[in-house]
Structure formats: structure tokens, C-alpha cells
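Okay, here's what each chain looks like letter by letter:
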Amino acid sequence: MIGLAVAWRAAQRGLRAVVLERGTPGEGASYVAAGMLAPVTEATLVEQDVLRLGLASAEAYPRFVEELEQLSGIELGYLPWSMLMIARDRDEAEALDRELELRRSLGLSVERLRPSQARQLEPALAPTTRLALEVAGDHAVDPRKLTAALLKAVAAAGVELRVGAQVARLDDGVCLAGGERLAAEQVVIAAGPWSDAVDGVPDEARVPIHPVKGQILRLHDPAGPGLLSRVVRMSSGYLVPRGDGRYVLGATMEERGFDTTVTAGAVFELLRDAGEVVPGSSELVIDEITAGLRPATPDNRPAIGPCAVPGLHWAVGHYRNGILLAPVTAELVVAGLMGEALPALAAEFSPTRFAGVAA
Ligand code: GLY
């Protein structure tokens, strides 16, 4: 999705863009992602720069969605509801109060709700709910619809999409596995967790990336919508309503290389925790169980923009926030492609911070 967003914005700025996709567009993390747009819910003390980037992208999202919906005719499932962070017991409530303090210390707007107030908003929450925080500015979108819309948008913008094009190496252009060589003045690497496997990138320009596995379920309510309107974030995961009776329940965080198997234990724990927080979720029908790979850098920050090799740009390492960060990443990468100075916001995400690390 990040690659498509970059290509779309690049074409809108008058650049001729070719997207090289070795498989099917949007079949990686974008296909598995739940689509939470949650800079505040996901905020951490040590990654405040990621928070700032996320807030900037969240602000850009309504326009991004509107533009894509108009261009593609696809409704993207962008839901305006607030997000709820839930504690089930005293320990979790204490932890949630610490989360509240952190967000308040960062100047973020979060409301502390008594259980009865939370259940007024979402009656499906368990009567045992101990505490809730309401995050008004965090929302959700349907990433699969977003990818479908982006595919239409890039086609309309004149981007050439080459499906099944496996990049063999970068070498004064881009060499494909079949031997074809494409001339390219500039190259953007946006290959998710596979990005640091691209051959021909000098060590001083490489960005180290590793996959972080997430197992996730897709479910639906045979009775239709209504169980939940808001995304519910619990200590172990999240339940994301799509607004039409479908739900996404995720996700594990596992360091297991490129393994994408789904395991009984992980699925059991996700379902158990969801059932404790939203008892009615036990009645949902399981449609899919999948595992995806989040692309992570060693400092959990994305690498966005140009690097030490002239003409080479990165749009990688979005970790837990790829869907959220797509609009701002596309803007920043395209500014780099146009030779413009990047805004101060981008400084912490320069790929040059990894110079020599991969070696
Ligand atoms: N953004 C949620 C996740 O990566 O699981």
C-alpha cells in the first residue's frame, strides 16, 4: 500500500512512475492489517517522533480517503468513531491509568470513562469492565478497500503497474529476474519486510528490516452490524468493527522470521480475550485466520526519504502503523523525489541513520 501511495502521489506531481510488484499488489501486510488509524492509542514515551508523524498522517487521512473514494468509486470504510482502551481487572486498570498519564503528559486528548459510561457508548462491553479510556481522534479504515482504490487511482494517474515483476538487483537501473533492465532516474524501495533483501544496495545505504509476525482473525456477525461501533483496544490486542457486521480481531507480536503459520494457542488467546471484553464476540462467525509480517527497523521507526546513494529512496519500516502512515509517507517520499527539502518532521526518519549498520 505504501508503494502504491508513493507512486500515485509521484504521478500527480508529474513524475513517470513504474511499480514493480513481484506478487499481487496489496497481498502483504496491507492485506492482513486491521486498519487502525491510531496514533494516540499506539503512542509510546520513547517514540514520540512516530506519534508526531502519525498525528500528521491522521490529519491528512480524511482528505486522502475522500480523494481516493472520488477517484475509485470505492467506499473505504473510514469510520469516524472514537476508540476505546479497555481494562478488565485491577492490574489492567492501573496500567491504563499509566497510559492515560503518559498521553496527558504528551498533551493528547484522552477521556477517562467509568465502566457505566463506557457501556453507555458500547453496551456490548462486559459488565465486568473495570475502566476505559476514550480516544476521540483515533479511527479505522478498511485496508483491503484502500488497496483496491489505490490500484484504480494509480491506473488513472498513468502509473505503470507491473505485476509478477521480481527485482533481481539494483544496478544502474533496476534488473528484473528475467534479465530485463529498466532505466530509472530514481528508485523507491517499498518492499515491506523484504526490503533489505534487495541486491545491489551498497552497505552504507541499506536499511535493516526484520519481520514481526501478527496473527489475526476476520469474523462476521450473522445478525448484521450493531455489536460494536468503536474499535476496542485491550491489553493483548484489538477488535475492529468495519461498520457492516464484519470484525477484525488481532494481533499477536512474534519474532519468528518469515513464518506465517497460524497457531492454535495464539488464536485461542485472541478469542478468549475478545470474549472477556466483548462477550457477544463469541457468537461471531470466523471467516479467516491469517498471519502477516510487520516490517520493523531496529529502532521501530520507519525509514522515509533519500539515502546516501543519489536517486535511491526508502519507504519502509512502518511496523505497526503502515496503513496510518501511508499518506504522510507518500508526501515525504515524493518531496524527496522532487528534490525538495523535507520538513523538520521527517528528520528522525532519515534512512541515513542506519548508514553502515546493515554491514
Ligand atoms: N497496528 C496494529 C498491529 O500492528 O497489530
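Draft legend 1. Expanded view of empty space enclosed by the protein. Scanning the entire structure with this criterion turns up one cavity of 30 Å³ or more. By volume, the largest cavity amounts to about 50 Å³. Forming the boundary of the largest cavity are L79, W81, S82, M83, D138, H139, A140, S229, R230, V231 and P241. For the lining of the largest cavity, a count of residues per class yields six nonpolar, three polar and two charged.

Draft legend 2. Seen up close, the packing of helix α1 (residues 2–12) against helix α3 (residues 48–72). Direction vectors running N to C along α1 and α3 enclose 80 degrees, while the axes themselves pass 14 Å from each other. Compared by their axis directions, α1 and α3 come out roughly perpendicular. Mapping the contact onto sequence places A5, W8, R9 and Q12 in α1 and F64, E67, L68 and L71 in α3. Looking at the contact of α1 with α3 residue by residue, the classes come out as five nonpolar, one polar and two charged.

Draft legend 3. Main features of helix α8 (residues 322–337). The axis of α8 is deflected most strongly, by about 35 degrees, at V328. In terms of burial, α8 is largely enclosed, as 15 of its 16 residues are buried. A positive phi of about 80 degrees marks G339, the residue just after α8.

Draft legend 4. Layout of the packing of aromatic side chains. Overall, the coordinates contain four aromatic pairs when judged by the stated rule. The rings of W8, Y61, F64 and Y78 are connected pair by pair, giving a single aromatic cluster. Against the face of W8 rests R9, its NZ or CZ located 4.3 Å from the ring centre. Residue placement shows R144 over the ring face of Y31; its charged tip is 3.6 Å from the ring centre.

Draft legend 5. Fine view of the domain arrangement of the protein chain. Partitioning the protein chain into structural domains gives domain 1 (2–76 + 142–209 + 298–354), domain 2 (83–136) and domain 3 (211–295). Counting residues at the interface gives twelve residues for domain 2 and 15 residues for domain 3. The junction of domain 2 with domain 3 conceals about 1,200 Å² of combined surface from both sides, 56% of it contributed by carbon and sulfur atoms. If you sort the residues of domain 2 by the area they bury against domain 3, R88, E122 and A124 come out on top, with a joint share of 44%. The partner of R230 in a salt bridge is E122, with the nearest N and O atoms 3.1 Å apart. Summed over the shared surface of domain 2 and domain 3, the number is eleven residue pairs in polar contact (both at pLDDT 80 or more). Of the residues forming the side of domain 2 that touches domain 3, the biggest block, four residues, is contributed by strand β3 (residues 83–87). Here the side of domain 2 that touches domain 3 is composed, by residue class, of eight nonpolar, no polar and four charged.

Draft legend 6. Main features of the site of the ligand. Surrounding the ligand, one finds M36, Y238, A251, R294 and R320. The side chain of Y238 places a nitrogen or oxygen atom 2.5 Å from an oxygen atom of the ligand. In the environment of the ligand, an oxygen atom lies 2.7 Å from a nitrogen or oxygen atom belonging to the side chain of R294. Taken by itself the ligand offers 200 Å² of open surface, and the protein chains cover 86% of this. For the shell around the ligand, a count of residues per class yields three nonpolar, no polar and two charged.

Draft legend 7. Highlighting the sheet that holds strand β17 (residues 303–306). Overall, mixed pairing links the three strands, which are arranged β11-β18-β17 in an open sheet. In this open sheet, the two strands that pair with only one neighbour each are β11 (187–189) and β17. Between one strand and the next, the sheet's axes are offset by a mean angle of 20 degrees, whatever the strand orientation. Here β11 pairs with strand β18 (residues 312–316) via three bridges, running parallel. Counted as the bridge partner of V187 is L312 from β18. Against the sheet, α8 engages β11, β17 and β18, with an angle of about 175 degrees to β18.

Draft legend 8. Summary view of the packing of α3 against helix α6 (residues 143–156). α6 packs onto α3 with a crossing angle of 65 degrees between their chain directions and a minimal axis gap of 9 Å. In terms of crossing hand, the pair formed by α3 and α6 is left-handed. On α6, the residues touching Y61, F64, L68, L71 and S72 of α3 are L146, A149, L150, K152 and A153. Its residues assigned to classes, the contact of α3 with α6 shows eight nonpolar, one polar and one charged.

Draft legend 9. Structural view of the sheet that holds strand β9 (residues 174–176). Across the sheet, three strands lie side by side as β8-β9-β10; this open sheet has antiparallel pairing. Each edge of the open sheet is held by one strand with a lone partner, namely β8 (167–170) and β10 (181–182). Sheet topology note: the β9/β10 ladder contains two bridges and is antiparallel. What sits directly across from C175, in β10, is R181.

Draft legend 10. The arrangement of the pattern of salt bridges in detail. Across all of its chains, the model carries 26 salt bridges by this definition. Here E42 makes a salt bridge to R233, at a shortest N to O gap of 3.3 Å. Here E42, found in the loop between β2 (36–37) and α3, pairs with R233, found in strand β13 (residues 231–234); they are 191 residues apart in sequence, far enough to count as distant. A single burial state applies to E42 and to R233, both of which are buried. Residues E66 and R63 are paired through a salt bridge, measuring 3.8 Å at the closest nitrogen-oxygen approach. With E66 and R63 both in helix α3 and three residues apart, this pair spans about one turn of that helix. Taking relative accessible area as the criterion, E66 reaches 41% and is therefore assigned partly exposed. Through salt bridges with shared partners, one network takes in R88, E92, R272, D273 and E276.

Each value, and the rule that gives it
Residues numbered from 1 in each chain as written. Predicted model: local features only at pLDDT ≥ 70, side-chain atom pairs only at ≥ 80, totals over all residues. Heavy atoms only, no water. 1 Å grid on protein atoms, 1.4 Å probe; cavity = no way out; pocket = protein on both sides within 12 Å on 5 of 7 lines; lining within 4 Å. Points joined across faces, edges and corners; volume = space filled by probe spheres on them. Nonpolar A, V, L, I, M, F, W, Y, C, P; charged D, E, K, R; others polar. Axes fitted to C-alpha atoms, helices over the stretch in contact; angles between N-to-C directions. Helix = DSSP H or I, 4+ residues; strand = E, 2+ residues; numbered from the N terminus. Parallel < 35°, antiparallel > 145°, perpendicular 65-115°, else oblique. Contact = heavy atoms within 4.5 Å. Bend = angle between axes of the 7 residues up to and from the residue. Buried < 20%, exposed > 50% of the residue type's maximum accessible area, 1.4 Å probe, protein only. Phe/Tyr/Trp six-rings, centres within 6.5 Å; stacked < 30°, edge-to-face > 60°. Lys NZ or Arg CZ within 6 Å of the ring centre and 35° of its normal. Domains from an automatic or database assignment. Buried area = accessible area lost by both parts, 1.4 Å probe. Salt bridge = Lys/Arg side-chain N within 4 Å of Asp/Glu carboxyl O. Polar contact = N/O pair within 3.5 Å; in protein donor to acceptor, adjacent residues only side chain to side chain. Near = heavy atom within 4 Å. Areas by Shrake-Rupley, 256 points an atom, 1.4 Å probe, with all protein chains shown as cover. Pairing = 2+ DSSP bridges. Left-handed = near helix turned anticlockwise from the far one by under 90°.

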